[in-house]
Structures are given as structure tokens and as C-alpha cells.
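Architecture at a glance
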Amino acid sequence: MNNIEDKIIQYFEHELSREEAAQIEQLITENVEARKLFDQYKSVYVSFDQIPHQAPSDRLKQNFSLFLNEEIKQQAKSTKNTNYTKTIWMLAIGAILAAMLFFLVKNKADNQEINQQMIAMNENLTKLMQNESSSHRIKAVQISATLPDNNQQALDLLMDAMAKDPSSNVRLSALEALEKHIDNEQVRASIYKSMADETDQVVLISYINILTESKEKSAITELKKITKDQAMDQFIKDEAQLGLFQLQEY
Amino acid sequence: MTNTDNHYMLSVTKGNLNDLAILFDRYHERIYNYFVNKSHNVALSQDLTQTVFERILKYKDSYKEDYLFKAWIYRIASNVYMDHFRQNKLKWSDIEQIREIPDQEENTTGEQNEQYHQVLYAMNKLSKTDQEIIQLSKIENLKIKEIAEILDLSESAVKVKIHRGIKRLKDIIFNTKQ
């Protein structure tokens, strides 16, 4: 009977094929026990269908509407707050960008101002270097020495003074001012050339000392020229020789 | 398919909260009756139905495109019911007591009333899982696939439990336990 019960349940669950369902329908017409079981299961299934469907009161819908409206309001407020926060952020970013732009522009303006001042100063220095008084020209050299390294015009002024100024004191001041630029190839070449043309012994000794202290290997060739110069005084040759020893030790 | 439950629920997840009203119209009576058939308490059933829709909104972001909305809402309903009893420290026997009190429905005949009360009474004798499965299948008329999804069971397991539950109900009602 268990097998029949299973088949009856399958029948009510619509799990049987048409043929199998027909067999069950046939069986219950022939078998009293099967019919009884069938009716009992039918009663159970029918009972489910009789369970009444109840309608909730209007209060449920009203409460739900209130709840939903409140949620929609909250959502709108939240979106508004999000937009407000977004706006604040946008304003903050805008302010930062504006500040950066301001400083960039200002910096550019400052640079332009500095450049203009530099041009004016170089012009004044040039005029000063042309002054008849050597003390004025030494002053110009000292000022030039304090200018930024990238001021090519100041370097040109110093190199020119080192090579051509009629005063040995001015030439010496210019040489000392250029010592810190010895790594600059242009300055070094200028020093070598001026040294070869220098006639003042005191200034020559300064050239030798500066080149020795610079530990610049290329100075060896220049010092050797002095040691081999027949017209050069011996004490200058000795100074150059001493410099050569020191340079060759490095 | 623009008028499916899934479409409206996905719309809710995207922030169109008004679409929840459409789902409420479609489901609030079913969910209300689900609670009534469980608790036989009209006021409680109304409150729990409201809670279900509140939870839908609360957990809307967890809803995925491939979900069956019907299964999802019944799962929420099932959890709401369980939570209510946990929070109120009620015992299942309290419910069974309520369910054993037959009340006369106006629109049913005495015989019908007795018949469906018999089946509801017999359901109390089933295990909690079997009760839930029989209710979802025979009273809420959900498909095997939907029940399997609600209860995290395989479809074959649901089928077996339905057969077992029906057989047990028949034995209880007709006192034919073998």
C-alpha cells in the first residue's frame, strides 16, 4: 500500500505521466482500500484550498505609504547633502587650483621682475667696470662675484676684467672671484689663456696657486708651459714646479 | 521585461523608491496571509508585513539581478517571523496553542471550517521545516524551485519533504499512522 500511497501523492502533485495518472484513476474504481486512501489524500489537498484568503485592513497600506514617503524624503535630503558635500569639495579644489595659479603667475611675475633687476644691475656693473678708477672697477668685480652663478653677463665681465684690465689689482680680484667657477669649462679656458698673457709676477703666482688648489688635471699642461718658459723668472718656475708635484700626486 | 518583480526591485536598488509601492501592491496581501496562517493574529500579521517591506528597503543593496524576487521576499518574511519570536522570547508552543483554538470564519461553511482547521492543527505536529515547506507549497502555492531557494535546500529535498509532510498530515487527520 505504501507504493500506492506514494503514487497517490504523486498524482495530486501532478508528478505522474498521463498513463500513470490513468492507472491510478482506474485502480480507485476497482480497489476499495485504494479508493479510501485516495479520498483521504484528496481531503487533505482540498483543505489547503479552503484556507481563506484574508484582506489586511487599510491601516497596513496607510502605514506603508507613510513609511515610504518618509524614506523618499530622507533619500532626497541625503542626495541634497551629498550634492552639498560635492559642492564644498569642488569649491575647495577650485580654491586650491586658483591659489596654485595665483602663485604660478606671481612667481612668473617675480621672475620677470628679478630678470629686469638683473639686467639693470649688469648694465650698472658694465658702466662701473668702464670707470677710470681701479678701486671702482675692483668694487664692480666684488659685486659681480656675489651675483648668482648662472649670471653669464657677470661671468663675462669678470673674465674680461681678468684678461684685459690694465690694473693688476683688478685682474687679481677678477681671478680670485672666478676661482669658485673653475669647474666651468669656459672659465677654466679663460683662466689658462689669461695666465699665458699675464705679465705681473704676483698675479702669475696667484694663477699657479689657484690652479694647484683646484686639483684640476688639465692645469698640469699649463703649469708645465711655465716651467719650460725660458723668459720666466725662476721663482715663478719653482712655484709652478711645486704646483705640478702637488697636482701629479692627486 | 519591464513589468516583472525583478525589474521593479532592481529599480528600487538604484534608488527609485517609488517602485517599492508597486511591489507592495503585488505582495502585501500574500505576505500578510503568510503571517496570518502562521500566527492567527491579525494585528501581529499587519505589523510583520510592514516590517518585511521595511527590511526590503534596508537590505535592497543585497538584492542581485539573478534573484527570484518572490523567493527573496518570502525568505525575508520567514526571517522576520523567526526574529519576532526570538526578540519577544515566545515559544513555539504559544503559537501552537493559538492555532489549536478554532475560530469560525463568516464566509465558510461549518464543514469546510472544520476541514481546513483540521489540516492547520495537523500541521503543528510536523517539524518546523516541514511545516514551512507545506505552507509555502500548499498554502502560498510557491514552486519547488522557489521553496528550494527560500530554504537553501535542493529541489529534490523539497520534493521529498512535501511528500513526507502530506503523508504525515493524512495520518494525523485520519489517525492512520502506521
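Structure shown above.
Residues numbered from 1 in each chain as written. Chains lettered and ligands numbered in written order. Predicted model: local features only at pLDDT ≥ 70, side-chain atom pairs only at ≥ 80, totals over all residues. Heavy atoms only, no water.

**Let's talk about the interface of chain A and chain B**
Selection rule: Residue contacts follow a heavy-atom distance rule, with two residues in contact if any of their heavy atoms lie within 4.5 Å. Defined in terms of a 1.4 Å probe, buried area is the accessible area two parts forfeit on being brought together, summed over both. Between Lys or Arg on one side and Asp or Glu on the other, a salt bridge is scored when a side-chain nitrogen of the former is within 4 Å of a carboxyl oxygen of the latter. The definition of a polar contact used here is a pair of N or O atoms within 3.5 Å, where within protein one atom must be able to donate a hydrogen and the other to accept one, and adjacent residues in sequence count solely through side-chain atom pairs. Comment: elements are numbered from the N terminus, with helices defined as DSSP H or I runs of at least four residues and strands as E runs of at least two. Residues are grouped as follows: Ala, Val, Leu, Ile, Met, Phe, Trp, Tyr, Cys and Pro are nonpolar; Asp, Glu, Lys and Arg are charged; all remaining types, including Gly, are polar.
Across the contact, 34 residues belong to chain A and 43 residues belong to chain B. Carbon and sulfur atoms make up 63% of the surface buried where chain A meets chain B, a total of about 3,600 Å² over both sides. Contact with chain B buries area across many residues of chain A, yet Phe48(A), Leu60(A) and Phe64(A) alone supply 18% of it, more than any other trio. Our enumeration of links across chain A and chain B arrives at 5 salt bridges. Among the ionic pairs, Asp25(B) bridges to Lys61(A), the shortest N-O distance being 2.9 Å. For the pair chain A and chain B, the interface holds 11 residue pairs in polar contact (both at pLDDT 80 or more). Of all the elements in the fold, those that place two or more residues in the side of chain A that touches chain B are helix H1 (2-12), helix H3 (32-50) and helix H4 (58-129) of chain A. In the side of chain A that touches chain B, the residues fall into 16 nonpolar, 11 polar and 7 charged.

**Focus on the nonpolar core**
Inclusion rule: By nonpolar core we mean a set of buried residues, namely Ala, Val, Leu, Ile, Met, Phe, Trp, Tyr and Cys, connected to one another through side-chain atoms within 4.5 Å. Each residue is placed in one exposure class: buried if its accessible area under a 1.4 Å probe, protein chains only, is under 20% of its type's maximum, exposed if it is over 50%, and partly exposed if it falls in between.
Core analysis: the largest hydrophobic core is formed by 69 residues, its most contacted members being Phe48(A) and Ile56(B). With 10 residues, the top contributor of residues to this core is helix H4 (residues 69-87) of chain B. Ile56(B) has contacts with Met9(B), Leu20(B), Phe69(B), Trp72(B), Ile73(B) and Ile76(B), leaving out every residue within four places of it along the chain. Of all hydrophobic cores here, the second largest spans 40 residues; its members include Met129(A), Leu157(A), Ile208(A) and Ile210(A).

**Re helix H7 (residues 168-178) of chain A**
Residues and elements named next belong to chain A. Burial within H7 is extensive, with 8 of its 11 residues counted as buried. When H7 is considered as a whole, its buried residues turn out to be Val170, Arg171, Leu172, Ser173, Ala174, Leu175, Ala177 and Leu178. In the core, the buried residues of H7 are packed alongside helix H5 (134-146), helix H6 (152-164), helix H8 (185-197) and helix H9 (201-214).

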